[in-house]
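Chains, contacts and geometry: an overview
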Amino acid sequence: MSNIFEDKIALVTGASRGIGAATAKALAAQGAHVIITARTAKDLEAVEDEIFEAGGSATIAPLDLTDGDSISRLAAAVTERWGKLDHLILNAAMLGTLAPVPAIDGAEFARLFTLNVTAQQVLIASFDALLRKSDAGRLIALTSSVGAAPRAFWGAYGASKAALETLVRSYAEEVKNISAVRAAIVDPGKTRTKMRAAAYPGEDPATVKEPSVVADAIVALLQREFETGTRIAVDG
């Protein structure tokens, strides 16, 4: 345990596994109190137990991010209990089916954009005031290389990440001269996650990096000053 983030409040979405869980544990290990969200309470409790066993502190908040009202309720609860938010990590996302653009299923495409884009805007809107109450509010959004460099069959997911990047960078520009809030985008690259296994079923998981590598990069970014709107890619 370290106290670098002592008295800091962090919210990590999609924190029941993968990069989200690793990031929550890494932030807690540096002294932050971590609010972890995902749809499945049981999986969040397992992450919470690991944080507690390592000497950290966490609060679980099971919710469906596609329900805007649940996000508003969470923001109200954070306001009442802590009155601020120091770190907002936008990690939750869905991959959807990899398919040619003409073959994209409209219903699935709508669900994908609801989570990957619309819910992210609702999160930013709901927690903006709390980030501004921090002396150094930081928003980190997880993206993908296909958001910047389109790839065949990745049109739906890539479009959602391109939209997310534009949304976050626009927010970064809007707040940079009127608050201490700074926003950045992190491309985790090839990482051993359930999402990547679904996208590359024949890949040997041992050939790609652990989520903890990305989590460490996020923590390192949060520990330094960075230009708002920064986009970094995690090697390895």
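An account of the accompanying structure is given in this report.

1. Brief notes about the packing of aromatic side chains
According to the stated counting rule, one finds three aromatic pairs in the structure shown. Seen in terms of ring centroids, phenylalanine 109 and phenylalanine 113 are 5.0 Å apart; in terms of plane orientation they differ by 55°. Their pairing is tilted. In this pair, phenylalanine 109 and phenylalanine 113 both sit in helix H4 (residues 106–132), four residues apart, roughly one turn of the helix. Taking the relative accessible area as the measure of exposure, phenylalanine 109 reaches 32% and is therefore partly exposed. Here a set of aromatic residues connected by ring pairs shows up, and it is made of Trp154, Tyr157 and Tyr200. Just above the ring of phenylalanine 226 sits the side chain of arginine 138; from NZ or CZ to the centre is 5.5 Å. Across the ring face of tryptophan 154, the terminal group of arginine 151 is positioned such that the distance to the ring centre comes to 5.2 Å.

2. A word on helix H1 (residues 18–29)
The end-to-end C-alpha separation of H1 is 17 Å, in line with the 16 Å expected for 12 residues at 1.5 Å each. Taken across its 12 residues, H1 has nine buried, putting it largely inside the fold. Those residues of H1 not exposed but buried are Ile19, Gly20, Ala21, Ala22, Thr23, Ala24, Ala26, Leu27 and Ala28. Positive backbone phi, at 100°, marks glycine 31, one or two positions downstream of H1.

3. Describing the pairing of strand E7 (residues 230–233)
Residues Thr230 and Ile232 line the buried face of E7, whereas the alternating positions Arg231 and Ala233 sit on a face that is not buried. Pairing between strand E6 (residues 182–187) and E7: four bridges, direction parallel. For isoleucine 185, the partnering residue across the bridge sits in E7 and is arginine 231.

4. Observations regarding the environment of alanine 54
Relative to the assigned elements, alanine 54 resides in the loop between helix H2 (41–53) and strand E3 (57–62). Judged by relative accessible area, which is 51%, alanine 54 ranks as exposed. Along the chain, alanine 54 and alanine 29 lie 25 residues apart, while their C-alpha atoms are 7.3 Å from each other.

5. Describing H2
Helix length check: H2 (13 residues) gives 18 Å between terminal C-alpha atoms against 18 Å at 1.5 Å per residue, within 8%. In the core, the buried residues of H2 are packed alongside H1, strand E2 (33–38) and E3.

6. Focus: the sheet that holds E7
Pairing is parallel in the open sheet, where seven strands are placed in the order E3-E2-E1-E4-E5-E6-E7. Strands with a single pairing partner mark the edges of an open sheet, and in this sheet they are E3 and E7. Here the average twist between neighbouring strands, direction ignored, is 20°. Here strand E1 (residues 9–12) runs beside E2; their pairing, made up of four bridges, is parallel. Across the sheet, valine 12 pairs through a bridge with isoleucine 36, a residue of E2.

7. A word on the packing of H4 against helix H5 (residues 155–175)
Running from N to C, H4 and H5 point in directions that differ by 15°, and their axes come no closer than 9 Å. When the axis of H4 is compared with that of H5, the two are roughly parallel. When the axes of H4 and H5 are compared, the crossing they make is right-handed. Judged by residue contacts, Phe109, Leu112, Phe113, Asn116, Val117, Gln120, Gln121, Ile124, Asp128, Leu131 and Arg132 of H4 engage Ala156, Tyr157, Ala159, Ser160, Ala163, Leu164, Leu167, Val168, Tyr171 and Val175 from H5. Of the residues contributing to the contact of H4 with H5, the split by class is 15 nonpolar, four polar and two charged.

The rules behind these values
Residues numbered from 1 in each chain as written. Predicted model: local features only at pLDDT ≥ 70, side-chain atom pairs only at ≥ 80, totals over all residues. Heavy atoms only, no water. Phe/Tyr/Trp six-rings, centres within 6.5 Å; stacked < 30°, edge-to-face > 60°. Helix = DSSP H or I, 4+ residues; strand = E, 2+ residues; numbered from the N terminus. Buried < 20%, exposed > 50% of the residue type's maximum accessible area, 1.4 Å probe, protein only. Lys NZ or Arg CZ within 6 Å of the ring centre and 35° of its normal. Expected span 1.5 Å × (residues − 1). Pairing = 2+ DSSP bridges. Contact = heavy atoms within 4.5 Å. Axes fitted to C-alpha atoms, helices over the stretch in contact; angles between N-to-C directions. Parallel < 35°, antiparallel > 145°, perpendicular 65-115°, else oblique. Left-handed = near helix turned anticlockwise from the far one by under 90°. Nonpolar A, V, L, I, M, F, W, Y, C, P; charged D, E, K, R; others polar.

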